[in-house]
Amino acid sequence: MEAAMAEYAVELLKLLKLLSHLAAVDGRITPEEIDQIIGAGRKAGVDALHLETLRDALERGDAGDDPDVSVLRQDPERTRHLAAQLIAADGVFAEAEERAWAKLNELLDKDS
C-alpha cells in the first residue's frame, strides 16, 4: 500500500512538471497559472514541502526538467483536463500555448 502511494505521488509530481512547462511555454508564468498548478497539486494530495519548492521555482520562472510523458500517458484524459485548466487560468489562449496544447496531444496520442 505504501509503495503504491509513493508511486502515485511521483506520477502527480510528473504531471505538475508538465503543467509547469505548459504554463512557461508563452515565456512567462503568471501568478494565476502558479496558483492553478499548486492548487492541482494540493487537491491531488502532494505534500506541502514539494508544493512550496515548486512554487518557489515557478515564481523564479523555472519550469524545471522535462516531464516523463510515459507516466502522463497512463491517464491521458486527466492529463488533458488539468492542462486545459492551466492554459485557461490566465484567460488568454496564446499562440505558444496553442502549440503546446497540440504538442501535448501529439505526445499523449503516440504509441508507447
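Our subject is the structure listed above.
To start, this report covers the structure provided alongside it. (Residues numbered from 1 in each chain as written. Predicted model: local features only at pLDDT ≥ 70, side-chain atom pairs only at ≥ 80, totals over all residues. Heavy atoms only, no water.)

Concerning the side chain of Arg80
So, step 1. Within the secondary structure, Arg80 is located in helix α5 (residues 76–88).
So, step 2. Of the residues examined, Arg80 reaches a relative accessible area of 12% and is grouped as buried.
So, step 3. A polar side-chain atom of Arg80 sits 2.6 Å from a polar atom in the side chain of Asp109.
So, step 4. Contacts of Arg80, omitting those with residues within four sequence positions, involve Trp101, Asn105, Leu108 and Asp109. (Helix = DSSP H or I, 4+ residues; strand = E, 2+ residues; numbered from the N terminus. Buried < 20%, exposed > 50% of the residue type's maximum accessible area, 1.4 Å probe, protein only. Polar contact = N/O pair within 3.5 Å; in protein donor to acceptor, adjacent residues only side chain to side chain. Contact = heavy atoms within 4.5 Å.)

Observations regarding the side chain of Glu33
So, step 1. Residue position: Glu33 is located in helix α2 (residues 31–44).
So, step 2. Of the side chains bearing the opposite charge, Arg28 lies closest to the buried Glu33, which forms no salt bridge; the N-O distance is 5.4 Å.
So, step 3. Other than its neighbours up to four places away in sequence, Glu33 contacts Ala23, Asp26, Arg28, Leu86, Ala89, Asp90 and Glu97. (Lys, Arg positive; Asp, Glu negative; His and termini not counted. Salt bridge = Lys/Arg side-chain N within 4 Å of Asp/Glu carboxyl O.)

Focus: the pattern of salt bridges
So, step 1. Evaluated as defined, the whole model comprises seven salt bridges.
So, step 2. The salt bridge partner of Glu77 is Arg80, with a shortest N-O separation of 3.1 Å. Here Arg80 and Glu77 lie together in helix α5, a separation of three residues that amounts to about one turn.
So, step 3. Overall, Glu77 belongs to the exposed group, its relative accessible area being 55%.
So, step 4. If you follow the salt bridges from partner to partner, you end up with Asp35, Arg55 and Glu59 in one network.

Overview of the packing of α2 against helix α3 (residues 48–59)
So, step 1. At a minimum axis separation of 10 Å, α2 and α3 run at an interaxial angle of 165°. What the angle tells us is that α2 and α3 run roughly antiparallel. Considering how the two elements wind past one another, α2 and α3 form a crossing that is right-handed. Here Ile34, Asp35, Ile37, Ile38, Gly41 and Arg42 of α2 come into contact with α3, specifically with Leu51, Leu54, Arg55, Leu58 and Glu59. (Axes fitted to C-alpha atoms, helices over the stretch in contact; angles between N-to-C directions. Parallel < 35°, antiparallel > 145°, perpendicular 65-115°, else oblique. Left-handed = near helix turned anticlockwise from the far one by under 90°.)

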